[in-house]
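Spelled out from the first residue to the last, the chains are:
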Amino acid sequence: MNRRTRQIGLFLLAAGAVGALTGLLLKHQVVRHRRELFSSNPFRRLAALRHMAGEPATVDAITVLRDFAAWEPRRLLRTRAASVLARMQRELRRKAGG
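None of the values given here were measured: they were computed from a predicted structure.

> Go over the pattern of salt bridges, please, and point to the residues and values.
According to the stated counting rule, one finds 4 salt bridges in the structure shown. Where Glu-91 meets Lys-95, a salt bridge forms, and the shortest distance between an N and an O atom there is 3.6 Å. Of this pair, Glu-91 and Lys-95 both sit in helix α4 (residues 75-97), separated by 4 residues, roughly a single helical turn. Glu-91 sits in the buried class, given a relative accessible area of 16%.

Structure (structure tokens):
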């Protein structure tokens, strides 16, 4: 293996490691804030909504999202919660019907 190939290989390995680390840090942020739906920090509320959007529909999740949508002062977050809520309600109806 020549020197140029080794350098390219090391660069790709380092870039992959940085990418994986970045992904893990972002995932950690979302998981860390998933229970902070009623936090005073809007970013934490958004992270919690993002986490809930990826979760399967449950009656508990729907109840919490309804409460959140009624409580949330920011229109953008209320709209996002309504979108997640609607998806979960459709999913539960589909499960119940079939």
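Further notes follow.
> An account of the packing of aromatic side chains is requested, with residue identities and associated values reported.
Under the definition given, this model contains 3 aromatic pairs. Relative to Phe-68, the ring of Phe-38 lies with its centre 5.7 Å away and its plane at 75°, an arrangement referred to as edge-to-face. On the criterion of sequence distance, the pair formed by Phe-38 in the loop between α1 (3-33) and α2 (42-53) and Phe-68 in helix α3 (residues 59-71) is long-range, its members being 30 residues apart. You can call Phe-68 buried: its relative accessible area is 0%. An aromatic cluster of at least three residues, connected via ring pairs, comprises Phe-38, Phe-68 and Trp-71.

> An account of the side chain of Ser-39 is needed here, citing residue identities and associated values.
Along the polypeptide, Ser-39 turns up in the loop between α1 and α2. Ser-39 sits in the buried class, given a relative accessible area of 14%.

> Pulling in residues and values, what's your account of α4?
Taking 1.5 Å per residue, 23 residues should reach 33 Å; α4 reaches 32 Å between its end C-alpha atoms and fits that length. Along α4, the residues classified as buried are Leu-77, Ala-81, Val-84, Leu-85, Met-88 and Glu-91. Buried residues belonging to α4 abut α2 and α3.

> Residue-level account of the environment of Ser-39, with values.
Ignoring anything within four residues of it in the chain, the contact list for Ser-39 reads Arg-44, Arg-45 and Trp-71. Of the polar contacts made by the side chain of Ser-39, one reaches the backbone nitrogen of Asn-41; its length is 3.0 Å.

About the criteria used
Every residue gets a number counted from 1 within its own chain, in the order that chain's sequence is written. Selection of residues for local features in this predicted model requires a pLDDT of at least 70, selection of side-chain atom pairs for listing and counting requires 80 or more, and totals for whole chains, interfaces and linings are taken over all residues. To obtain the side-chain values, all non-hydrogen atoms of the structure were included, while hydrogens and water were left out. Between Lys or Arg on one side and Asp or Glu on the other, a salt bridge is scored when a side-chain nitrogen of the former is within 4 Å of a carboxyl oxygen of the latter. Helix and strand definitions follow DSSP, with helices as H or I runs of at least four residues and strands as E runs of at least two, each counted in order from the N terminus. Burial classification: accessible surface area is computed with a 1.4 Å probe over protein chains only, and a residue below 20% of its type maximum counts as buried, one above 50% as exposed, and the rest as partly exposed. Ring pairs shown here join Phe, Tyr and Trp side chains whose ring centres sit within 6.5 Å, with only the six-membered ring taken for Trp; geometry is labelled stacked below 30 degrees between planes, edge-to-face above 60, and tilted in between. Given a helix with a known number of residues, its expected span is that number minus one, times 1.5 Å. By definition, residues are in contact when any of their heavy atoms lie within 4.5 Å. Think of a polar contact as two N or O atoms within 3.5 Å of one another; within protein, one of them needs to be a possible hydrogen donor and the other a possible acceptor, and neighboring residues in sequence only count if both atoms come from side chains.

Note that every value here comes from positions in space, so none of it alone points to a role or purpose.
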